[in-house]
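Structure assessment
As a plain string of letters, each chain reads:
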Amino acid sequence: MQTAQRRIATAGPVLAIVGMALVIAACGSSAMPQTPPPVPGTSAAPREVNIIARDYTYVPTRVDLVPGETVVFHVINGGLVLHEALLGTMDQQMAWEKAELVLVDAPPGPTPEVPPPAGFTGTRMVVASGQRLDLTWTVPFTAASDPGGWFVGCHIPGHWAKGMVVPVRLVDDKGNVLPVPGGAASPSVPSS
Ligand SMILES: [Cu+2]
């Protein structure tokens, strides 16, 4: 009985050492799986990109896109209120934030039309609670040269101020992260 207890008592440290050795071996291995770079979508075969809107954020917290690729967005509103996924530069986000003030105190019913601000090169997807919207869209090549980078934001009144914005990370077709001209812009709430 004593022998059995001793065996049990010594088995723990031995297993721990074996476990540590396996962890060290795994960390030192060059065969660790890497996240594969995105395969850029084409008009014939758009790359699928899922964006889940919640009250009041997005999943994922960063959206990877390749300039020039064609994607098909699947925007799912998992929140309880209307949301949108607006892709564009920070200047364009600010322009939409002002443009969508017409939605304040809008009567019940369909969301009023909001004309795009001048020079808008992004896209806008408005999705009701519990709904999903699919949209095929081609990322402008010029996105890589836009100062401050691109973002996904929601401008249903009050949502941007709640922090409903995540960055877009532009990568090349090999998965290399492209530099943001001038550094990434910081979201702020524009004065109306
Ligand atoms: Cu929203």
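Conventions and cut-offs
- Residues numbered from 1 in each chain as written.
- Predicted model: local features only at pLDDT ≥ 70, side-chain atom pairs only at ≥ 80, totals over all residues.
- Heavy atoms only, no water.
- Salt bridge = Lys/Arg side-chain N within 4 Å of Asp/Glu carboxyl O.
- Helix = DSSP H or I, 4+ residues; strand = E, 2+ residues; numbered from the N terminus.
- Buried < 20%, exposed > 50% of the residue type's maximum accessible area, 1.4 Å probe, protein only.
- Donors = N, O, S within 2.8 Å, 3.2 Å for Na, K, Ca; no water.
- pLDDT = per-residue confidence, 0-100.
- Contact = heavy atoms within 4.5 Å.
- Pairing = 2+ DSSP bridges.

1. Points about the pattern of salt bridges
The full count for this structure, using the stated rule, is seven salt bridges. A salt bridge links R47 to E69, with the nearest nitrogen and oxygen atoms 2.7 Å apart. On the criterion of sequence distance, the pair formed by R47 in strand β1 (residues 47–54) and E69 in the loop between β3 (63–65) and β4 (70–77) is long-range, its members being 22 residues apart. Residue R47 shares its accessibility class with E69, and that shared class is buried. In this structure, the salt-bridge partner of D64 is R169, at a minimum N-O distance of 2.9 Å. In this pair, D64 is assigned in strand β3 and R169 in strand β9 (residues 165–170), connecting sequence segments 105 residues apart. Classification of R169 as partly exposed rests on a relative accessible area of 26%. One salt-bridge network, in which partners are shared between bridges, spans R62, D64 and R169.

2. As for the coordination of the copper ion
Put simply, a metal with four donors set out as a tetrahedron has ideal angles of 109.5 degrees, and one with six donors set out as an octahedron has ideal angles of 90 or 180 degrees. Protein ligation of the copper ion involves H83 (ND1), C154 (SG) and H159 (ND1), the donor distances falling in the range 2.0 to 2.1 Å. Written as a sequence motif, the donor residues of the copper ion are H-x70-C-x4-H. Here the residue H83 occupies a position in strand β5 (residues 83–89), and H159 occupies one in the loop between β8 (150–153) and β9, the gap between them amounting to 76 residues.

3. What about the confidence of the model for the protein chain?
The predicted coordinates should not be examined in detail at positions where pLDDT is low. Mean pLDDT over the protein chain: 85, with 80% of residues reaching 70 or higher. The low-confidence segment residues 1–29 (pLDDT under 50) makes one contact with residues lying over four places distant or belonging to another chain.

4. Some remarks on the pairing of β9
Sheet topology places β3 next to β9; three bridges connect them, and they run parallel. In the sheet register, L65 faces β9, and the bridge partner there is L170. Two strands pair when backbone bridges link them, and β8 and β9 are joined in this way by three bridges, in the antiparallel orientation. Bridging from a neighbouring strand, F151 pairs with P167 of β9.

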